[in-house]
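# Structure at a glance
The residues making up each chain are set out below.
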Amino acid sequence: MIELEAVSLRRGEALVLDRLDLALPERRIGVIGANGSGKSSFARLLNGLLLPSEGHVRVAGLDTSADGKAVRRRIGFVFQNPDNQIVYPTVGEDVAFGLKARKVPKAEIAARVAAILDRHGLGGFEDRLVHELSGGERQMVALAGVLVTEPDLLVLDEPTTLLDLRNTRRIIQAVEAADRAVVLVTHDLDLLAGFERVLCFDGGRVVADGSPPEVIAHYRALAS
Ligand SMILES: Nc1ncnc2c1ncn2[C@@H]1O[C@H](COP(=O)(O)OP(=O)(O)OP(=O)(O)O)[C@@H](O)[C@H]1O
Ligand SMILES: [Mg+2]
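The paragraphs below set out a description of the structure included in this document. Keep in mind that this is a model prediction, so the values were computed, not measured.

To continue, consider the sheet that holds strand β6 (residues 75–78). Read from one edge to the other, the open sheet built from six strands follows the order β6-β7-β8-β3-β9-β10, with strand pairing classed as mixed. The open sheet has two edge strands with one neighbour each: β6 and β10 (205–210). Between one strand and the next, the sheet's axes are offset by a mean angle of 15°, whatever the strand orientation.

Let us look at the side chain of Glu158. The topology assignment puts Glu158 in the loop between β7 (153–157) and α6 (165–177). One buried charged residue, Glu158, forms no salt bridge at all, with the nearest opposite charge on Lys39 at 5.0 Å. Excluding residues that lie within four positions of it along the chain, Glu158 makes contacts with Gln80, Val185, Thr186 and His187.

In this section: the layout of surface pockets. Here the largest pocket is characterised by a volume of approximately 610 Å³. The wall of the largest pocket is formed by 23 residues, among which Arg72, Gln85, Phe97, Arg102 and Val146 lie closest to the centre. Going through the elements one at a time, α2 (68–74), β6, α3 (91–101) and α5 (135–147) are the ones with two or more residues in the lining of the largest pocket. Top contributing element to the lining of the largest pocket by residue count: α3, with four residues. Looking at the lining of the second largest pocket residue by residue, the classes come out as seven nonpolar, two polar and six charged.

Where α3 is concerned, the buried positions are Val91, Gly92, Asp94, Val95, Ala96, Gly98 and Leu99. Those residues of α3 that are buried lie in contact with α4 (106–119) and α5. Lys103 sits one or two residues past α3 and shows a positive phi near 60°.

A word on the site of ligand 1. Every residue close to ligand 1 is listed here: Arg11, Val16, Ala34, Asn35, Gly36, Ser37, Gly38, Lys39, Ser40, Ser41, Glu158 and His187. Between His187 and ligand 1, the recorded distance is 3.0 Å, taken from a side-chain N or O atom to an oxygen atom. Coverage of ligand 1 by the protein chains reaches 60% of its 640 Å² of free accessible surface. The element contributing the most residues to the shell around ligand 1 is helix α1 (residues 39–46), with three residues. In terms of residue class, the shell around ligand 1 is made up of two nonpolar, seven polar and three charged.

Nonpolar side chains collect at one region of the surface, where Val87, Tyr88 and Phe97 lie side by side and expose about 290 Å² of accessible area between them. Tracing the backbone through its elements, the reader meets Tyr88 in the loop between β6 and α3.

This part is about the packing of α3 against α4. For the pair α3 and α4, the least separation of the axes is 10 Å and the interaxial angle reads 120°. With respect to α4, the element α3 is oriented oblique. Considering how the two elements wind past one another, α3 and α4 form a crossing that is right-handed. Seen from α3, the contacting residues are Val91, Gly92, Val95, Ala96, Leu99 and Lys100; seen from α4, they are Ile109, Arg112, Val113, Ile116 and Leu117. Considered class by class, the residues forming the contact of α3 with α4 number eight nonpolar, one polar and two charged.

Conventions and cut-offs
- Residues numbered from 1 in each chain as written.
- Chains lettered and ligands numbered in written order.
- Predicted model: local features only at pLDDT ≥ 70, side-chain atom pairs only at ≥ 80, totals over all residues.
- Heavy atoms only, no water.
- Pairing = 2+ DSSP bridges.
- Helix = DSSP H or I, 4+ residues; strand = E, 2+ residues; numbered from the N terminus.
- Axes fitted to C-alpha atoms, helices over the stretch in contact; angles between N-to-C directions.
- Buried < 20%, exposed > 50% of the residue type's maximum accessible area, 1.4 Å probe, protein only.
- Lys, Arg positive; Asp, Glu negative; His and termini not counted.
- Salt bridge = Lys/Arg side-chain N within 4 Å of Asp/Glu carboxyl O.
- Contact = heavy atoms within 4.5 Å.
- 1 Å grid on protein atoms, 1.4 Å probe; cavity = no way out; pocket = protein on both sides within 12 Å on 5 of 7 lines; lining within 4 Å.
- Points joined across faces, edges and corners; volume = space filled by probe spheres on them.
- Nonpolar A, V, L, I, M, F, W, Y, C, P; charged D, E, K, R; others polar.
- Near = heavy atom within 4 Å.
- Polar contact = N/O pair within 3.5 Å; in protein donor to acceptor, adjacent residues only side chain to side chain.
- Areas by Shrake-Rupley, 256 points an atom, 1.4 Å probe, with all protein chains shown as cover.
- Patch = residues over 30% accessible without salt bridge, like charges linked within 9 Å, V, L, I, M, F, W, Y side chains within 5 Å.
- Parallel < 35°, antiparallel > 145°, perpendicular 65-115°, else oblique.
- Left-handed = near helix turned anticlockwise from the far one by under 90°.

See below:
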């Protein structure tokens, strides 16, 4: 459950998000809208990467301003560009990182890393160098590294921009299969077909909120 209460976000002089009030109990939430409308800012509020200038953001009962560390442990975030989140030279070390930070026993880490890589088309990739992978493979590594920690909520900010059709489908299947709440920011409207709720941002406000067909129609009308 995600709750925003009178949330505004200022960055420098700019009012990037303008008094958002939202209760989001759904498990599949899409976010669309024009470039610069505030989608990434909204996504970053959800795991405490950004804190509201006014108001409160609560996720799974935790206030992101008060419980930042706990929030970051429980909310997984996948960036548009995997290079922003991959830190270790090999795939195995990188995917293991979140589990090490959570003090999971070594033998269990190895087994969980192997299983998650297998499930995402990267079986046996443990010793491969991340910088030698393709962009799509790196994105799958980034996703695997987040999913392996079993977050309560998975937030993805345009995760398929760099991907071909097959890897886009893989990401979406991984999202569909994930037994956890998902917030997906995307310009690829086809990805939202099965979603329960879609928000359309414009100028830092939510200007449409409802089922995918309704909200996508609103967005198309805005752009025409
Ligand atoms: N540090 C900052 N200082 C000032 N303005 C900022 C800062 N960071 C972001 N902004 C502005 O906030 C607005 C919203 O940015 P945001 O990245 O949330 O948009 P977005 O909807 O994700 O866009 P895109 O579709 O291009 O990814 C933009 O106008 C951006 O220029
Ligand atoms: Mg963005």
